[in-house]
Amino acid sequence: MLRKLISIFATLSLSLPVAAQTYLTTKCSQFEHPEFQINVSSRAIPPVDIEWFLAVLENMVISGERFKAGETIQVGWMLLMLSEGDKGALKVTEPDMKSVPIKFVDSLDSTIKHLRAQKDSVESVLPADELAFSSLTQSVVVHVNYKKSRRILLERAKPQDHDSGWWMSDLDDANGSNDPKNFAKISLYQLGVDRPDLIKFLAFPPGSQIIIDRKVFVLKDGQELVIKANSFLDRLNGNQAAQ
């Protein structure tokens with residue numbers, strides 16, 4: 001399913017934004033399954049990304065998966081909740097990215113934006129098939145100063161069960177980084193709530209290192225990767241340099 005998700009998403013390009021409205025899948029009923037209903041509130045989300053998300057849901061059903069209200073599904077790094085929608089449809093809701101514990105809201109804005117940002121970040125230096133989504137329910141090890149750290153090292157080891165493999169260090173605390181007491185394990189969801197600016201990096205594969213020091217630098221297996229010209233990270237670095 002992940003390869004299919006990447007393959008569909010890799011063919012998409014950005015387009016003009018759309019007005020907020022409700023969208024429905026159209027192919028699920030052919031397989032005696034309820035259609036899915038999603039709500040997109042942000043005008044910054046392009047139509048092509050909405051179409052992609054609907055296609056992912058339809059492909060899940062076409063491949064034989066079945067869903068009902070009250071269940072959760074994962075798309076990308078996001079955990080989504082299904083509830084009863086209009087006219088028998090299944091409404092897809094997402095975490096509000098504010099509340100702890102998770103509170104689900106009638107929106108897919110964050111899910112689609114995060115998928116786009118994570119895809120574009122990885123593809124700035126690697127092929128699309130290198131995307132390796134974590135789950136926001138998995139854990140991450142963070143430095144105690146993680147909420148306010150500005151010079152950051154993100155490293156990813158091989159995930160194990162509920163451990164995403166991610167480790168976040170504070171580059172301004174070089175000495176303290178050798179003390180285990182200066183680190184704690186939290187959920188990736190908690191990290192996303194406290195540091196939404198880091199969500200874009202959470203689909204890099206194991207062996208990746210992301211250094212954030214005014215600009216973004218990416219290493220894979222110890223080798224620095226070239227950021228492609230005019231890519232998402234290239235533009236991000238350009239914006240940082242202009243500040």
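All values derive from a computational prediction rather than experimental measurement.

1. Focus on the pattern of salt bridges
A full pass over the atoms with the stated rule returns nine salt bridges. With a shortest N-O distance of 3.1 Å, glutamate 123 and lysine 119 are connected by a salt bridge. In this pair, glutamate 123 and lysine 119 are both assigned in helix 3 (residues 109–123), four residues apart and thus about one turn of the helix distant. A salt bridge links lysine 220 to aspartate 221; its shortest N-O distance comes to 3.3 Å. Since its relative accessible area comes to 58%, aspartate 221 is described here as exposed. Each of Asp49, Arg116, Lys119, Asp120 and Glu123 takes part in one network of salt bridges that share partners.

2. A word on the side chain of serine 107
As for its placement among the helices and strands, serine 107 is situated in the loop between strand 6 (104–105) and helix 3. Here the side chain of serine 107 touches aspartate 109 through a polar contact of 3.1 Å, landing on its backbone nitrogen.

3. Describing the packing of aromatic side chains
This model, assessed by the stated rule, comprises three aromatic pairs. Geometrically, the ring pair formed by tryptophan 52 and phenylalanine 53 is edge-to-face, given 6.0 Å between the ring centres and 65° between the ring planes. Given a relative accessible area of 0%, phenylalanine 53 falls into the buried group.

4. Some points on unusual backbone geometry
With the exception of glycine, the majority of residues adopt a negative phi angle, and the majority of peptide bonds are in the trans configuration. With an omega of 5°, the peptide bond running from valine 100 to proline 101 counts as cis. On the secondary structure map, proline 101 appears in the loop between strand 5 (90–95) and strand 6. Not every positive phi belongs to a glycine, and aspartate 161 is a case in point at roughly 55°. Positionally, aspartate 161 belongs in the loop between strand 8 (152–156) and strand 9 (163–170). Here aspartate 161 falls in the exposed class, since its relative accessible area comes to 74%. At aspartate 221, a position not held by glycine, the phi torsion is positive, near 55°. Among the secondary structure elements, aspartate 221 is positioned in the loop between strand 12 (215–220) and strand 13 (223–224).

Quick notes on the rules
Residues numbered from 1 in each chain as written. Predicted model: local features only at pLDDT ≥ 70, side-chain atom pairs only at ≥ 80, totals over all residues. Heavy atoms only, no water. Salt bridge = Lys/Arg side-chain N within 4 Å of Asp/Glu carboxyl O. Helix = DSSP H or I, 4+ residues; strand = E, 2+ residues; numbered from the N terminus. Buried < 20%, exposed > 50% of the residue type's maximum accessible area, 1.4 Å probe, protein only. Polar contact = N/O pair within 3.5 Å; in protein donor to acceptor, adjacent residues only side chain to side chain. Phe/Tyr/Trp six-rings, centres within 6.5 Å; stacked < 30°, edge-to-face > 60°.

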